[in-house]
Amino acid sequence: MSSPYWIYSIGFFAQLMFSGRLVIQWFLSEKQKRVLTPSTFWWLSLGASFLLFVYGYLRDDFAIMLGQTLTYFIYIRNLQLQGQWLKSPKAIRFFLLVFPLIIVIYGYNNGHYDLDKLFKNDDIPLWLLLLGSVAQLIFTLRFIYQWIYSERKKKSTLPLGFWLLSLIGGILILIYAWFRRDPVLLVGHVMGVFIYFRNMRLAIGIDKE
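Residues numbered from 1 in each chain as written. Predicted model: local features only at pLDDT ≥ 70, side-chain atom pairs only at ≥ 80, totals over all residues. Heavy atoms only, no water.

**So, the overall build of the protein**
Operational definition: Counting from the N terminus, the helices are DSSP H or I runs at least four residues long and the strands are E runs at least two residues long. For every residue, the accessible area obtained with a 1.4 Å probe (protein chains only) is divided by the maximum for its type, and the residue is called buried under 20%, exposed over 50%, and partly exposed between those limits. Using the Shrake-Rupley algorithm and a 1.4 Å probe, accessible areas are obtained, with residue cover drawn only from the displayed protein chains.
A count of helical and extended segments in the protein gives nine helices and zero strands. What you see in the protein, going N to C, is helices and strands ordered as α-α-α-α-α-α-α-α-α. Each of the 209 residues in the protein was classed as buried or not, and the buried ones make up 46%. For the protein, the accessible area works out to roughly 11,400 Å², and carbon and sulfur atoms hold 70% of it.

**Let's talk about the nonpolar core**
To keep things clear, this is the line we draw: For the purposes of this section, nonpolar cores are sets of buried Ala, Val, Leu, Ile, Met, Phe, Trp, Tyr and Cys residues that join through side-chain atoms within 4.5 Å. In what follows, residue pairs with any heavy atoms lying within 4.5 Å of each other are defined as contacts.
In terms of nonpolar packing, the biggest core is built from 43 residues, with Trp-42, Leu-46, Tyr-55, Phe-143, Leu-158 and Trp-163 touching the most fellow members. Setting aside its immediate chain neighbours within four residues, Trp-163 contacts Leu-22, Gln-25, Val-35, Leu-158, Tyr-196, Asn-199 and Met-200.

**Thoughts on helix α9 (residues 183–203)**
We count it as follows: A helix is expected to span 1.5 Å for every residue after the first. Values of bend correspond, residue by residue, to the angle between axes fitted over the seven residues ending at that residue and the seven starting there.
Across its 21 residues, α9 extends 30 Å between first and last C-alpha, which sits within 8% of the 30 Å expected from 1.5 Å per residue. At His-189, α9 shows its strongest bend, of approximately 25°. Buried residues of α9: Val-184, Leu-185, Gly-188, His-189, Gly-192, Val-193, Ile-195, Tyr-196, Arg-198, Asn-199, Met-200 and Leu-202, and no others. Positive phi shows up at Gly-205, right after α9, with a value of about 75°.

**Quick notes on the packing of helix α8 (residues 160–180) against α9**
The cut-off we apply is this: Orientation is described by lines fitted to C-alpha atoms, with helices fitted over the stretch in contact, and by angles between N-to-C directions that extend from 0 to 180 degrees. By the definition adopted for this analysis, an angle is roughly parallel if under 35 degrees, roughly antiparallel if over 145, roughly perpendicular if from 65 to 115, and oblique otherwise. Each helix crossing is assigned a hand: it is left-handed if the near helix lies turned anticlockwise from the far helix by less than a right angle, otherwise right-handed if that turn is clockwise. When residues are sorted by character, Ala, Val, Leu, Ile, Met, Phe, Trp, Tyr, Cys and Pro go into the nonpolar class, Asp, Glu, Lys and Arg into the charged class, and all the rest, Gly among them, into the polar class.
Here α8 crosses α9 at 155°, and the two axes come no closer than 8 Å. Here α8 is positioned roughly antiparallel relative to α9, judged by the angle of their axes. Here α8 and α9 pass one another in a crossing that is left-handed. On α9, the residues touching Leu-160, Trp-163, Leu-164, Ser-166, Leu-167, Gly-170, Ile-171, Ile-173, Leu-174, Tyr-176, Ala-177 and Trp-178 of α8 are Leu-185, Leu-186, His-189, Val-190, Val-193, Tyr-196, Phe-197, Asn-199, Met-200 and Ala-203. Partitioning the contact of α8 with α9 into residue classes produces 18 nonpolar, four polar and no charged.

**Re the environment of Phe-194**
When you line up the elements, Phe-194 lands in helix α9. We classify Phe-194 as partly exposed; its relative accessible area is 46%. Measuring from C-alpha to C-alpha, the distance between Phe-194 and Gly-170 comes to 9.6 Å, with 24 residues separating the pair along the chain.

**Here's the deal with unusual backbone geometry**
Glycine aside, negative phi is the norm for most residues, and most peptide bonds take the trans geometry. Phi is positive for Lys-33, which is not a glycine, with a value near 60°. Tracing the chain through its elements places Lys-33 in the loop between α1 (5–32) and α2 (39–58). For Lys-33, a relative accessible area of 45% puts it in the partly exposed group. You will see that Lys-154, though not glycine, has its phi angle at about 60°, which is positive. Mapped onto the elements of the fold, Lys-154 is located in the loop between α7 (126–153) and α8.

**Examining the pattern of salt bridges**
Threshold: Salt bridges are defined by distance alone: a side-chain nitrogen of Lys or Arg within 4 Å of a carboxyl oxygen of Asp or Glu.
Applying the stated criterion across every chain, the model contains two salt bridges. Arg-198 is paired through a salt bridge with Glu-30; the nearest N and O atoms lie 2.3 Å apart. Taken together, the residues span a long stretch of sequence, with Arg-198 in helix α9 and Glu-30 in helix α1 at a distance of 168 residues. Here the two residues Arg-198 and Glu-30 agree in accessibility, since each one is buried.

**Section: the side chain of Arg-142**
Heads up, the condition is: Contacts described as polar in this section are N or O atom pairs within 3.5 Å, which, within protein, must combine one atom able to donate a hydrogen with one able to accept it, while residues neighboring in sequence count only if both atoms come from side chains.
Mapping Arg-142 onto the fold places it in helix α7. Among the polar contacts listed, one links the side chain of Arg-142 to the side chain of Ser-166, at a separation of 2.8 Å. Aside from chain neighbours lying at most four places away, what touches Arg-142 is Arg-21, Phe-162, Leu-165, Ser-166 and Tyr-196.

**Notes on α2**
Taking 1.5 Å of rise per residue, the 20 residues of α2 would be expected to cover 28 Å, and the 29 Å separating its terminal C-alpha atoms lies within 8% of that figure. Every buried residue of α2 is accounted for by Phe-41, Trp-42, Ser-45, Leu-46, Ala-48, Ser-49, Leu-52, Tyr-55 and Gly-56. The first or second residue beyond α2 is Asp-60, which carries a positive phi of 55°.

All we've got here are geometric facts, nothing functional implied.
Pasting the structure below:
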C-alpha cells in the first residue's frame, strides 16, 4: 500500500537532516584529517530522529520506529557531554524531553497504537521485517557503543567501532529498503555508506601522511 506524498516528505526531510549532519562532520574531519564530532551533528541527529520516528509510525513500519527509540536520548546525552545542552533555552529542552513521551501517552490513550498492525503489516513479510529490525538494531547499537565509549572518556567522540557498525547497519538497511521499495531509506543511506567508510579510514589513520 502506497503512502501519501506528505508522509514521504516527512521522511525525506528527516533523511536530509541526517545526511546534513554527516556531510558537515565529514567536511570538518577531512579538513582536520581526523574524525571530529561537532555539536551540530547531535542537534541535527535529534531533530531528524524525531521526524523519522513519526514517519515510521505513519507508515506502520516497526523497524524504522525501533531504530529511533533509544538513539533520541543518546543524542541529548552527547549534547550534555559537549556542554551544549544547557546552553539552549529551558523551554526548548523541556519540550524535547517530554514531547516524545506525550505522544506515546496520547496515542495509547486514544487507541492509535496497534501492535498487531505493526507486526502483521501485509506490505512487509516476516523475513523482511526481521531483516529491517536487525539492521536497525545494529544501527542503534552503534550509538549505544558510542555513548558508553564517550562516558568512559568523559567527552563526546565518534570512535572507530561506531563507523564500523554504521557501515554494516547501513548496508543492511539498504538491502531492506530495496526490498521494501522505500525511497526515503534508499536515498538516506546511499551516501551515508560512503561517508562511514571514509570516516573508518580517517579513524585508523590510513590517509595520514
